[in-house]
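One letter stands for each residue in the lines below.
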Amino acid sequence: MKIVLEHLTKIYPNRNRKIKDEKIAVNDFTFEIPDGKLIGLLGPSGCGKSTTLNLICGLEDATSGKIFFGEDDVTKAPPENRGVGMVFQNYALYPHMTVEQNIMFPLGNLKGEAKLSKEQMKAKALEAAKLVQIDEYMERKPAELSGGQQQRVAIARALVKLPRVLLLDEPLSNLDARLRLQTREEIRRIQRETQITTIFVTHDQEEAMSISDMIVVMETGVVQQIGKPQEVYDDPKNLFVAKFLGTPPINVFDGEVKGEKLYIGECAVLDVKGVADQPVFIGIRPEGFVLADDGVFECKLSSVEVMGRDTSVVSKHDALLGTEIRSIIPAENKVDTSSPVVRFNLKPAKVHIFNKETTERIYFE
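Residues numbered from 1 in each chain as written. Predicted model: local features only at pLDDT ≥ 70, side-chain atom pairs only at ≥ 80, totals over all residues. Heavy atoms only, no water.

Trainee: Got a minute to help me understand the packing of aromatic side chains in this structure?
Mentor: When we look at a pair of aromatic rings, we describe it by the centre distance and by the angle of the planes. Tallied over the full model, the rule gives five aromatic pairs. On the basis of an interplanar angle of 85 degrees and a centroid distance of 5.6 Å, the ring pair of F253 and F297 is categorised as edge-to-face. Here F297 lies in strand β16 (residues 297–307) and F253 lies in strand β11 (residues 251–258), a separation of 44 residues in the sequence. Pair check on accessibility: F253 and F297 agree, each one buried. Sitting above the plane of the Y263 ring, K258 keeps its charged end 4.6 Å from the centroid. Above the ring of Y233, the side-chain terminus of R285 is found at 4.0 Å from the ring centroid. (Phe/Tyr/Trp six-rings, centres within 6.5 Å; stacked < 30°, edge-to-face > 60°. Helix = DSSP H or I, 4+ residues; strand = E, 2+ residues; numbered from the N terminus. Buried < 20%, exposed > 50% of the residue type's maximum accessible area, 1.4 Å probe, protein only. Lys NZ or Arg CZ within 6 Å of the ring centre and 35° of its normal.)

Printed below as a string of structure tokens:
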């Protein structure tokens, strides 16, 4: 099911009617979600991603704009008529019901020609349970299950009616690190098997990048960038996107362009043909550093952390906008820890420069 959002906007008025200040939770969101794809809605808390999800499923009314499921305008349609399956962060299972009963619950609300017999409901519940691999726990209550198993029950309940659209609102936040990894892989597997158009809301950029066909990065209700995860990482349109994506995060410096050369402090670190002289922000990905005795970029060495296949070099520089520089280099490169400084050359593709006024990306040859 293709989903089209046209100039979708949600504005909350101030609760104090005497104050006319309004909060724009979603601002002019326009996007076409292709049929059968998994889309990650990504951004910090308060950026509008959960509000967008609530608008799509009908739990919130749009202030303006339209929502289409295929060719159907569902902007004013009630949630129960949209054919949406929803999975929440807190599972929202009925504690007094068994797993089977929880999964069957949405089927009991079907009426008319869609109404099912008890045997049909049981068969559909078992089919959904097998899909998420919890069919052996059908007689258990939620309290007898682990967090990951409870989340699978919630996913099975959302899938049992074969929804046109599956919406996941931070479904992994309550799980520990190992369970998060397992469950996100399960979500990806289920989505590929069912081919249901899925929107996955998260603030965890690693989570979004690992399972999404496309990601939408949001800040304060505004879409900052849309694209395939690796493309957005490699080609951020502004400083916010560059800083939000990446673990460890991008290293950001004060710098300037003089005579088509990029300077960090006194070091001319890169040729930037076609860029006018100006002060800039410089972002360097951790993997963008190449250890070299005669490197163009000199930093004060703090420590070296060996991480198996990689080595993390921690250093400082007066132009850094942050506490420390993290440079990820291959483990076979040996750092002279007796030296007070470390020198690097830089990989041009991993260096991004941004306008200081607008924070928009400046491209160079």
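Trainee: Got a minute to help me understand the domain arrangement of the protein chain in this structure?
Mentor: Many descriptions give the size of an interface as the accessible area lost when the pieces come together. As assigned here, the protein chain comprises domain 1 (3–244) and domain 2 (251–362). Of note, the centres of domain 1 and domain 2, computed from C-alpha atoms alone, are 39 Å apart. Across the interface of domain 1 and domain 2, roughly 900 Å² is buried in total on both sides, 49% from carbon and sulfur atoms. Viewed at the interface, domain 2 and domain 1 are joined by two salt bridges. When the shortest N-O distance is used, the salt bridge between D234 and K350 registers 3.7 Å. Here domain 1 is connected to domain 2 by seven residue pairs in polar contact (both at pLDDT 80 or more). Listing elements by their share of the side of domain 1 that touches domain 2, those giving two or more residues are α7 (229–234) and α8 (239–244). (Domains from an automatic or database assignment. Buried area = accessible area lost by both parts, 1.4 Å probe. Salt bridge = Lys/Arg side-chain N within 4 Å of Asp/Glu carboxyl O. Polar contact = N/O pair within 3.5 Å; in protein donor to acceptor, adjacent residues only side chain to side chain.)

Trainee: Is there a simple way to think about the sheet that holds strand β5 (residues 72–73) in this case?
Mentor: Two strands in a sheet stick together by hydrogen bonds in their backbones, pointing the same way (parallel) or opposite ways (antiparallel). Reading across the sheet, the four strands line up as β2-β1-β4-β5 and stay open at both edges, with antiparallel pairing between neighbours. Of all the strands in the sheet, the pair left with one neighbour each is β2 (22–33) and β5. Here strand β1 (residues 3–13) runs beside strand β4 (residues 64–69); their pairing, made up of five bridges, is antiparallel. Across the sheet, E6 pairs through a bridge with K66, a residue of β4. Across the sheet, helix α1 (residues 49–57) lies against β1, β2 and β4, angled at about 115 degrees from β1, the strand it touches most. (Pairing = 2+ DSSP bridges. Contact = heavy atoms within 4.5 Å. Axes fitted to C-alpha atoms, helices over the stretch in contact; angles between N-to-C directions.)

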